[in-house]
Amino acid sequence: MNHLENSDPELFHILEREAVREESTLELIASENFTSEAVMEMAGGVMTNKYAEGYPGKRYYGGCEVVDEAENMARDRLKKLFDADYVNVQPHSGSQANMAVFMTFLKPGDVIMGLDLAHGGHLTHGSMVNFSGQLYNSISYHVSKETGRVDFDEIKSLALEHKPKLIICGGSAYPRFIEFEDFREVADSVGAYLMADIAHPSGLVATGVHPSPMKYCDVITSTTHKTLRGPRGGIIMMGKDFENPWGKVAPKSGRVKMVSELIDATVMPGIQGGPLMHVIAAKAVAFGEALRPEFRGYTESVVKNAKAMADEFIKLGYDLVSGGTDTHVLLIDLTNKNITGKHAENILGKTGITLNKNMVPFDVKSPFVTSGIRVGTPAITTRGMGESEMRQVVKWMDKAMSDPENENLFSNILLEVNDLCSNFPIYKH
Ligand SMILES: *Cc1c(COP(=O)(O)O)cnc(C)c1O
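Every value quoted in this text rests on a predicted model; they were computed, and no experiment measured them.

1. Some thoughts on the overall build of the chain
Looking only at helices and strands, the chain features 16 helices and 15 strands. Computed over C-alpha atoms, the radius of gyration of the chain comes to 22 Å, within 12% of the 22 Å expected from 2.2 N^0.38 for 429 residues, which places it in the range of a compact globule. Principal-axis analysis of the C-alpha atoms places the extent of the chain at approximately 75 × 60 × 35 Å. A total of 429 residues make up the chain; the buried ones form 56% of that total. Counted over contacts in the chain with a minimum sequence separation of 6, partners at least 24 positions apart contribute 70%. Separation of charge centres in the chain, based on 43 positive and 55 negative side chains, amounts to 3 Å.

Quick look at the structure:
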């Protein structure tokens, strides 16, 4: 395995330095995780060479009989994992999965409703800097100031006023369970379709640690690389396939097409060309891992660890949006601690703790500064860390944020962080 080292030492060195960075620091970015060696072996394998436009059994290229088996395994395992009737494993990313759903269910100019980015939503849920806000008429709903949870009074009245075609639930910095059932009620009251974007909690949904959207939502999208711990990519699912309501028929038979057929056609040829077969095969490996009982134990630990962190932060006087967490993510408002999200991200980086600044609901600071930070436990839980390590990490974070100009302190914490990390290796090289 010294090919890269011999042929391109410069890039080999960059790869090595990234491996050292990941091993020796604490990864608290809530959207990141560490895949298994098995997943990486598949993602780094020969299937990257294969063109396979189309779907298993219906490809535009020859020589697809082997990759067809991999994609069929990915589909079968994913259906089993979420109890889904239909899946598409080809989207290159979570954003592509969302784009495919929008292009199937909507026409440009149609009204969509998603959680405001600054309140925990995602760029693809209608932000004006994203295609979703530019191609569609985007109305944002919010969380309530008192509870930090989705404000269903507001969303009901916005829905009645704007009559959305599609309501999107889920987000990137929402610490609580997504309220699928309540969203279904709102969608039904105005005849809207309901999409769940479970990019963040999908690993927890797969094991029943988070409620499932399958019964309540018309269509579900996710990434595969966050709590699901697979390779970087996207997926689309339906709990139950149904006949398309737009009257599209198959040209020869005159049969009304199923929504699944329309989604497949939107993904390819609609918005993508050749699928990443190496990634699809690696998704199959990850879904296989997620079907094992150990993965349920992992996701339970992820949530236990997040709750332990929340408890420790609250003891130290920190203000958690919604007062805590049900999931893998905490959103912390630092306003009462007199430090910005940007400053906290910067100094914590010096202590070997990686996380991101984040807008908090009703933030008065810009997205480049922010009043908050987002903290997640998926990655450090994969390393095997538990509740006592969580409490220690929070204490280090508090020390640094309480004395934010003390460079000596940061260097001392960094040594302790490196030491802790060396006891929890990610990859046994
Ligand atoms: C991460 C995320 C996405 C997008 O995933 P990418 O793979 O980065 O495109 C979409 N929706 C939500 C809610 C996310 O958190």
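Let us keep going from here.
2. A short note on helix α7 (residues 152-162)
Here α7 has its buried residues at F152, I155, L158 and A159. Down the axis of α7, the smallest arc covering the buried residues is 125 degrees, so these residues share one side. The exposed set on the far side of α7, more than 90 degrees from its buried face, consists of D153 and E161. Tucked into the core, α7 has its buried residues touching β5 (111-115), β6 (137-141), β7 (166-169) and α8 (180-190). The opening residue of α7, the one whose side-chain oxygen lies 3.1 Å from the backbone nitrogen of D153, is D151. A positive backbone phi angle near 45 degrees is found at K163, which sits one or two residues after α7.

3. Quick word on the pairing of strand β9 (residues 219-223)
Across the five residues of β9, five count as buried, placing the element largely inside the fold. Here β9 shows two buried faces, one formed by V219, T221 and T223 and the other by I220 and S222. Pairing of strand β8 (residues 193-197) with β9 involves three bridges; the strand directions are parallel. When the sheet's bridge partners are listed, M195 is paired in β9 with V219. Alignment of β9 against strand β10 (residues 234-238), held across four bridges, turns out to be antiparallel. What sits directly across from S222, in β10, is I235.

4. Looking at the pairing of strand β15 (residues 372-376)
Here β15 lies mainly inside the structure; five of its five residues are buried. Both faces of β15 are covered, namely the face carrying G372, R374 and G376 and the face carrying I373 and V375. Bridge count between strand β12 (residues 329-333) and β15: five bridges; the pairing is antiparallel. Bridge pairing links I332 to I373 in β15.

5. Concerning the sheet that holds strand β11 (residues 319-320)
Within the open sheet, the four strands sit side by side as β11-β12-β15-β14. Their pairing is antiparallel. Each edge of the open sheet is held by one strand with a lone partner, namely β11 and β14 (356-358).

6. Topic: the packing of α7 against α8
One way to put it is that α7 packs onto α8 with a least axis distance of 9 Å and a crossing angle of 20 degrees. One finds that α7 runs roughly parallel with respect to α8. Of the two elements, α7 crosses α8, and the hand of that crossing is right-handed. For the pair α7 and α8, contact is made by F152, I155, K156, A159 and L160 and by D182, F183, V186 and V190, respectively. Class assignment for the residues of the contact of α7 with α8 results in seven nonpolar, no polar and two charged.

7. As for a nonpolar patch on the surface
Together, L4, L11, I14 and L15 make up a nonpolar patch on the protein surface, roughly 350 Å² of accessible area in all. Of the residues forming the nonpolar patch, the biggest block, three residues, is contributed by helix α2 (residues 9-24). The partly exposed category is assigned to L11, whose relative accessible area is 46%.

8. Comments concerning unusual backbone geometry
Between M268 and the following residue, P269, the backbone shows a cis peptide bond with an omega angle of 15 degrees. One can find P269 in helix α10 (residues 259-271). A positive phi angle is found at R229, which is not glycine, with a value near 65 degrees. With phi around 75 degrees, S322 is a residue other than glycine that occupies positive phi space. Relative to the helices and strands, S322 resides in the loop between β11 and β12. Judged by relative accessible area, S322 falls into the buried class, the value being 14%.

9. Focus on the packing of helix α4 (residues 65-82) against helix α11 (residues 277-290)
Their axes nearest at 8 Å, the elements α4 and α11 cross at an angle of 35 degrees. Note that α4 runs across α11; the crossing there is left-handed. Counting all contacts with α4, which are made through V67, A70, E71, M73, A74, R77, L78 and L81, the residues of α11 involved are M277, I280, A281, A284, V285, F287, G288 and A290. Residues of the contact of α4 with α11, tallied by class, amount to 13 nonpolar, one polar and two charged.

10. A word on the site of the ligand
Near the ligand you find 14 residues, and of these G94, S95, S172, D197 and K226 are the closest. Within the side chain of S172, one N or O atom sits 2.9 Å away from an oxygen atom of the ligand. Between the ligand and the protein, one listed contact pairs an oxygen atom with a side-chain N or O atom of K226 at 2.7 Å. For the ligand, whose free accessible area comes to 380 Å², the fraction covered by protein is 86%. Class assignment of the residues belonging to the shell around the ligand gives a composition of one nonpolar, eleven polar and two charged.

What counts as what
Residues numbered from 1 in each chain as written. Predicted model: local features only at pLDDT ≥ 70, side-chain atom pairs only at ≥ 80, totals over all residues. Heavy atoms only, no water. Helix = DSSP H or I, 4+ residues; strand = E, 2+ residues; numbered from the N terminus. Rg over C-alpha atoms; globule rule 2.2 N^0.38 Å. Buried < 20%, exposed > 50% of the residue type's maximum accessible area, 1.4 Å probe, protein only. Contact = heavy atoms within 4.5 Å. Lys, Arg positive; Asp, Glu negative; His and termini not counted. Charge placed at Lys NZ, Arg CZ, Asp CG, Glu CD. Arc of directions from axis to C-beta. Polar contact = N/O pair within 3.5 Å; in protein donor to acceptor, adjacent residues only side chain to side chain. Pairing = 2+ DSSP bridges. Axes fitted to C-alpha atoms, helices over the stretch in contact; angles between N-to-C directions. Parallel < 35°, antiparallel > 145°, perpendicular 65-115°, else oblique. Left-handed = near helix turned anticlockwise from the far one by under 90°. Nonpolar A, V, L, I, M, F, W, Y, C, P; charged D, E, K, R; others polar. Patch = residues over 30% accessible without salt bridge, like charges linked within 9 Å, V, L, I, M, F, W, Y side chains within 5 Å. Areas by Shrake-Rupley, 256 points an atom, 1.4 Å probe, with all protein chains shown as cover. Salt bridge = Lys/Arg side-chain N within 4 Å of Asp/Glu carboxyl O. Near = heavy atom within 4 Å.

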